[in-house]
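Now for the letters of each chain:
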Amino acid sequence: MDDDAYDIRPDIDALRAALAAHGITLPSLGVDVVTLAGSSVRPPLIALGNCNVATARQLAGALRQAAEG
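First things first, this report covers the structure right here in the doc.

Procedures and definitions
- Residues numbered from 1 in each chain as written.
- Predicted model: local features only at pLDDT ≥ 70, side-chain atom pairs only at ≥ 80, totals over all residues.
- Heavy atoms only, no water.
- Helix = DSSP H or I, 4+ residues; strand = E, 2+ residues; numbered from the N terminus.
- Buried < 20%, exposed > 50% of the residue type's maximum accessible area, 1.4 Å probe, protein only.
- Contact = heavy atoms within 4.5 Å.
- Areas by Shrake-Rupley, 256 points an atom, 1.4 Å probe, with all protein chains shown as cover.
- Salt bridge = Lys/Arg side-chain N within 4 Å of Asp/Glu carboxyl O.
- Core = buried A, V, L, I, M, F, W, Y, C linked by side-chain atoms within 4.5 Å.

### So, the overall build of the chain
So, point 1. Of the regular secondary structure elements, the chain holds three helices and two strands.
So, point 2. Of the regular secondary structure in the chain, the N- to C-terminal order runs α-β-α-β-α.
So, point 3. For the chain, the residues scored as buried account for 14% of the 69 residues in total.
So, point 4. Sequence-distant contacts, at least 24 apart, represent 47% of the contacts inside the chain between residues at least 6 apart.
So, point 5. Counting only carbon and sulfur atoms, one obtains 57% of the accessible surface of the chain, whose full area is about 5,200 Å².

Right, here's the structure in full:
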């Protein structure tokens, strides 16, 4: 597999920017270290991390609004 497929930092940065556009910050957003350390033919997973209830509500509202168009 192409080594670029394992570099998910641009994807994390894009997700962070998209969330920020809605005023949402997930402080723990990053690479899932378990899948990064494992030997797999798949790229590592992105860990969204934990968030407080207010952030979860913000995220749910942004997703609802986007789904409604």
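### Quick look at the pattern of salt bridges
So, point 1. Tallied over the full model, the rule gives two salt bridges.
So, point 2. The shortest N-O distance in the salt bridge between R9 and D7 comes to 2.8 Å.
So, point 3. Under the relative-accessibility criterion, R9 is labelled exposed at 56%.
So, point 4. Between D13 and R16 there is a salt bridge, with its nearest N and O atoms 3.5 Å apart. Of this pair, D13 and R16 both sit in helix α1 (residues 9-20), separated by three residues, roughly a single helical turn.
So, point 5. On the basis of relative accessible area, D13 is assigned to the partly exposed category, the value being 47%.

### So, the nonpolar core
So, point 1. The biggest cluster of nonpolar side chains holds seven residues, and these are I8, I12, L19, I24, L26, L29 and A62.
So, point 2. In contact with L26, other than residues within four places in its own chain, are L19, L48, C51 and T55.

### Observations regarding the side chain of T55
So, point 1. Within the secondary structure, T55 sits in helix α3 (residues 53-68).
So, point 2. The exposure class of T55 is buried, given its relative accessible area of 11%.
So, point 3. When sequence neighbours within four positions are dropped, the list of residues in contact with T55 reads I24, T25 and L26.

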